Amino acid sequence: MSDRAVEFTASLLEGEGVTLDSPKGKWLRQRQLEARVALKEQALPTSEEEEWRFTDLTSLYKNTLSSPDDRAAVDASVVKTFLIPEASSAIVLVDGVYSAELSRTNAVKTKIRVTDLKSALGDERLRERLERQLNNVGGDGVSAFCEMNTALFKDIVVVHADNRGVDMETIHILNISTGKHTFNHPRLMLLAEKQARICILEDYLGLGGFGYMTNAVSELSISAGAEVIHVKLQRDDDSAFHIAHTHVGVDNGAVYRNWSVSVGGAVSRHNLVTRQREEGGYIEIKGLALGHDKRIVDTHSCIEHTKPHGQSNQVHKTIAGGRSKIVFNGKVKVHQDAQQTNSSQQNRNLLLSARASVDAKPELEIFADDVKCAHGATVGQVNDDELFYLKTRGLDDGVARNLLNYAFAKEVIDDLPIKSLAGVIESYIKQQTRV
Amino acid sequence: MIINNAETILSVQELNASIDDTQILNGFDITVKAGEIHAIMGPNGSGKSTFSKVVAGHPSYTVGGGTLEFQGKNLMDLEPDERAKLGIFLGFQYPVEVPGVTNGAFLRLAYNTVQKARGGEELDPLEFDDYIQSKLKLLDMDAEFLERSLNEGFSGGEKKRNEILQMAILEPKLAILDETDSGLDIDALRVVANGVNTLHGDNDAVVLVTHYQRLLNYIEPDFIHVVDGGRIIKTGDKSLAHELESRGYEWILEENKSSVS
C-alpha cells in the first residue's frame, strides 16, 4: 500500500455521505459507516494489486481533490443540447447531486418511477427493496472505489420499473461535472420488476469541470422475464478521472443488454460485473473504448453464470491511438451448476500508433462440463487489403484509414436501440480516430 | 473497337515486378489505346492478376524495372489514389467487405474525391441520390444496396455489380476488370457485361483479366493476350479465345517453349 494512496483515501474520507435525518435511513447511515471503517483497513488500490496492474493511478493520487460545494450554475439551454429525444424522463445530476430544476420527469402516465433517496425511503416497498439490494446485486469485482462510493454517496437515483406489458421506456441519467479538482460519487439503483421493460442511458460529461474524479456505482437488479437495455456513455472531460462500477443481477429468463462506450477522461476504469442469478437469461455486452493522446482506458468485465441454460454474448472493441493505453480484462466464469451455458466473447483491438499499447486478457473459468464457451482476442493494425481497395477508389491514405477506423468502431453501435445517440457517438468516433 | 491514330492510354514495356522476393512479372509488354478492349488470359499463377494490381499500385509489389505509363505519364511513383484520380480503375476479383461503412456514403465520397481532383463538381447527398439512380438501373440494382454496408454480406453477383457501379461513377479512362466473371451466374454475367459495354466508349479502354473464355461471349475484345511466366507469350484477335476454349492453354505454352529453345 503506497503512502500516496493512503493519504488520498484519507483525504476523500473527510467528506460526508448522506445527510438525511430520517429514522428510515438509519440502516443506510450504518452502511456508510461500515464502508468508511473498511476503507481505513484497505485504501484505494495501486498498480501493485493484480487487478490494477496495468492502470497506474499515481496521477490521480497526487491530486488534492475537494468536495464540490460551490456549484457553478449550469445553463439549462446547454444541458438541453445533451438530452435525447427518446427519453421520457431526464434526470440531471450536477457534481453528483440531483437537480430538480434541470431534470424533467414524466412519471404520471407510466409505471416507471424515478426518485431520489428521500422519496424512495418514504415508500415502504421500495425502501425494503433498496435495503436488500444495495451492495448485494451480486458478483465479484467490488473494489475499494466501490466501498468509497458507498461511504460517500449523498443521494441515490432510484429507478423502479414495474411496467409489465407496456412499451419500453427510456430514461436518461445525465451526470454533469462542473468542479475543478473535485470529486463526486454518483449512485444509481435500478430495480426492474418481473417482465418490466426499460432502457436507461447513464451519461457522464464535464461542463467546465477540470481534473475532477467521478467515482460511480450503478446497481441493476433484473427480475424474471424483465428486459433491461443499459447504455453507459463516458464522455468526461479529457482531464477527468472516471472510475465506475456496474453490478448487474439477472434473474430467470431476463434479458440484459449493455453498451459501454468510453470516449472521454484522462484515466478511466469500468468494472462491469454481470451475474446470472437464476436459470436461463441472456446477457449481451458491447464495449467500445477509444484511446487517444495519453488517455488510459481500462475495462474489467466479468460475466458470471451460476445456473443452467444461461446465454451471454460479449463484443469489446478498442482503438489505441497516440500514446494511449488500453486495458481489457474479460472474465467469463461458469459455475459447476451452470450446465448448458452458451457464452461467447470477442475482443478486437486496433492499434494505430507505435507508442500506444493494448493489454488484453480474456479469462475463462469454467467449472461445468456441458457448456459452449467461445472466445477470441486480437490486436491488429489496419488491414492492407482494405486500405488498398479504398485507395483504388480515389481516397487518399489518411481518409481511407479514418474510414476504416471509424467503421471498426461503429460496428459496435450499429444496433444501438437509442437511435439519436448513435449519431452522437459517431461524431466522437470521427473526432478521435482521425489519423 | 480499334480506332486509327487513337490515343495511347496504357503503355507497359519490359515490366518486372516481385512480391516477397519472388519475381512474378517478367518482361511484361502491352499497349492499350483508346476505344479498345483487351482480354488478358492465362493459366492460374501466370501473373495476370499481379499485372492488374501493379498497374493499380498495390504496395505489396515491388517494381524492379521497365516502364509503366498512363497517357504518357509515368505511374511508378504514384499512390493508388493518385492513379485512380488520373482515371485508372481496378475491378477486384474479391471486393473487400467493409462493415460499418454504408455503400451509398462510400460511393459519394469516392465520387466527390475523384471529381474534385479532376476539377468537376461535387454533389451533396440529395444530388448524388438523383445522379446514381440511372447507374443503379444500368446494373439492375435496387436502391436498397446503398443503405447496406460496403460489400458486407453481398452475394458474389452483388459484389461484382457493385464493382461495375463504382466504375460507372468513377468514369475511368482505363478499367481493368480482374476476374469479373468469376462467381457469376448467367443472368448476373449478362447484367455485368451489359454494364461494361454501355460504359465503354471511344475515349476509354477496358482490360479484362480472365481465366475463362465465357465472359468474352458477352464483352467482345479487340485483342486477346495469353500470359505465362509473367509475360505475354501470344497475342491474337477474338478467334484466339475460341481456340483456347477448345484446346486449352497447353498448346500455346508448348509452342512458346519450343520457340524460346
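Procedures and definitions
- Residues numbered from 1 in each chain as written.
- Chains lettered and ligands numbered in written order.
- Predicted model: local features only at pLDDT ≥ 70, side-chain atom pairs only at ≥ 80, totals over all residues.
- Helix = DSSP H or I, 4+ residues; strand = E, 2+ residues; numbered from the N terminus.
- Rg over C-alpha atoms; globule rule 2.2 N^0.38 Å.
- Buried ≥ 20, exposed ≤ 12 C-beta atoms within 10 Å, placed from the backbone.
- Contact = placed C-beta atoms within 7 Å.
- Pairing = 2+ DSSP bridges.
- Axes fitted to C-alpha atoms, helices over the stretch in contact; angles between N-to-C directions.
- Expected span 1.5 Å × (residues − 1).
- Arc of directions from axis to C-beta.
- Core = buried A, V, L, I, M, F, W, Y, C linked by C-beta atoms within 7 Å.
- Domains from an automatic or database assignment.
- Nonpolar A, V, L, I, M, F, W, Y, C, P; charged D, E, K, R; others polar.

Scanning chain A from terminus to terminus reveals 10 helices and 20 strands. For chain A, whose C-alpha radius of gyration is 21 Å, the value lies close to the compact-globule estimate of 22 Å for 435 residues. Taking all 435 residues of chain A together, 52% fall into the buried category. The contacts of chain A with a sequence gap of at least 6 include a subset with a gap of at least 24, amounting to 83%.

Turning our attention to the sheet that holds strand β16 (residues 311-320) of chain A. Residue and element names in this part refer to chain A. If you walk across this open sheet you meet the 10 strands as β2-β1-β5-β8-β10-β12-β14-β16-β18-β20, and the pairing is mixed. With one partner strand each, in any of the chains shown, β2 (97-98) and β20 (372-380) form the two edges of the open sheet. Where strand β12 (residues 255-262) lies against strand β14 (residues 282-291), eight bridges are found, and the strand directions are parallel. Its bridge partner being in β14, Val-255 is matched across the sheet by Tyr-282.

On to the sheet that holds strand β12 (residues 231-236) of chain B, then. Residues and elements named next belong to chain B. One open sheet accounts for six strands, arranged β6-β9-β10-β3-β11-β12; its pairing is mixed. Sheet topology places β6 (88-91) and β12 at the edges, where each strand pairs with a single neighbour. Strand-to-strand, the axes of this sheet are offset by a mean angle of 20°, without reference to chain direction. Here five bridges tie strand β9 (residues 174-178) to strand β10 (residues 205-210), and the two strands are oriented parallel to one another. Paired with Asp-178 across the strands is Val-209, a residue of β10. Against the sheet, helix α1 (residues 48-56) makes contact with β3 (37-41), β6, β9, β10 and β11 (223-228), and its axis sits at roughly 145° relative to β9, the strand it touches most. In the packing of helix α5 (residues 156-170) onto the sheet, contacts are made with β6 and β9, and the angle to β6 comes to roughly 170°.

Let us now look at unusual backbone geometry. Phi at Asn-135 of chain A is positive, roughly 60°, even though this residue is not glycine. Mapped onto the fold, Asn-135 of chain A is located in the loop between α6 (124-133) and α7 (144-152).

Residue and element names in this part refer to chain A. In this model helix α2 (residues 26-41) runs 23 Å from its N-terminal to its C-terminal C-alpha over 16 residues, within 8% of the 22 Å that 1.5 Å per residue would give. Of all the positions in α2, only Leu-28, Ala-35 and Leu-39 are classed as buried. Angular distribution of buried residues about the axis of α2 spans 40°; they occupy a single face of the element. When the buried face of α2 is taken as reference, the exposed residues oriented beyond 90 degrees from it are Lys-26, Gln-30, Leu-33, Val-37, Lys-40 and Glu-41.

Time to look at the nonpolar core. Formed by 188 residues in total, the largest nonpolar core has its most connected members in Ile-91 of chain A together with Leu-174, Ile-176 and Leu-208 of chain B. Both of domain 1 (3-278) and domain 2 (384-435) of chain A provide at least three residues apiece to this core. Sequence-distant contacts of Ile-176 of chain B, that is, excluding residues within four places in its chain, are made with Ser-52, Val-55, Ala-56, Phe-89, Leu-90, Gly-91, Val-207 and Val-209 of chain B.

Residues and elements named next belong to chain A. Segmentation of chain A into domains returns domain 1 (3-278) and domain 2 (384-435). When each unit is reduced to the centre of its C-alpha atoms, the spacing between domain 1 and domain 2 is 31 Å. Sorting the residues of the side of domain 1 that touches domain 2 by element identifies β8 (197-206), β10 (227-235) and β12 as the ones contributing at least two each. Among the elements that take part in the side of domain 1 that touches domain 2, β10 stands out by supplying three residues, more than any other. Each residue belonging to the side of domain 1 that touches domain 2 can be placed in one class, and the counts come to nine nonpolar, one polar and two charged.

Moving on, we come to the interface of chain A and chain B. Where interface size is given, it is often the accessible area lost as the parts come together that is meant. Each side of the interface is counted separately: chain A has 19 residues, and chain B has 22 residues. Elements with a minimum of two residues in the side of chain A that touches chain B: α8 (384-391) and α9 (397-410) of chain A. The residue inventory of the side of chain A that touches chain B, partitioned by class, reads eight nonpolar, two polar and nine charged.

Here the focus is the pairing of strand β15 (residues 296-305) of chain A. All names here are of chain A. Across the 10 residues that make up β15, a large majority, 10, are buried. With burial as the criterion, each face of β15 is covered, one bearing Ile-296, Asp-298, His-300, Cys-302 and Glu-304 and the other bearing Val-297, Thr-299, Ser-301, Ile-303 and His-305. Where strand β13 (residues 267-276) and β15 come together, 10 bridges link them in parallel fashion. If you follow Asn-271 over to β15, its bridge partner there is His-300. Summarising the sheet, β15 and strand β17 (residues 325-334) pair through 10 bridges and their orientation is parallel.

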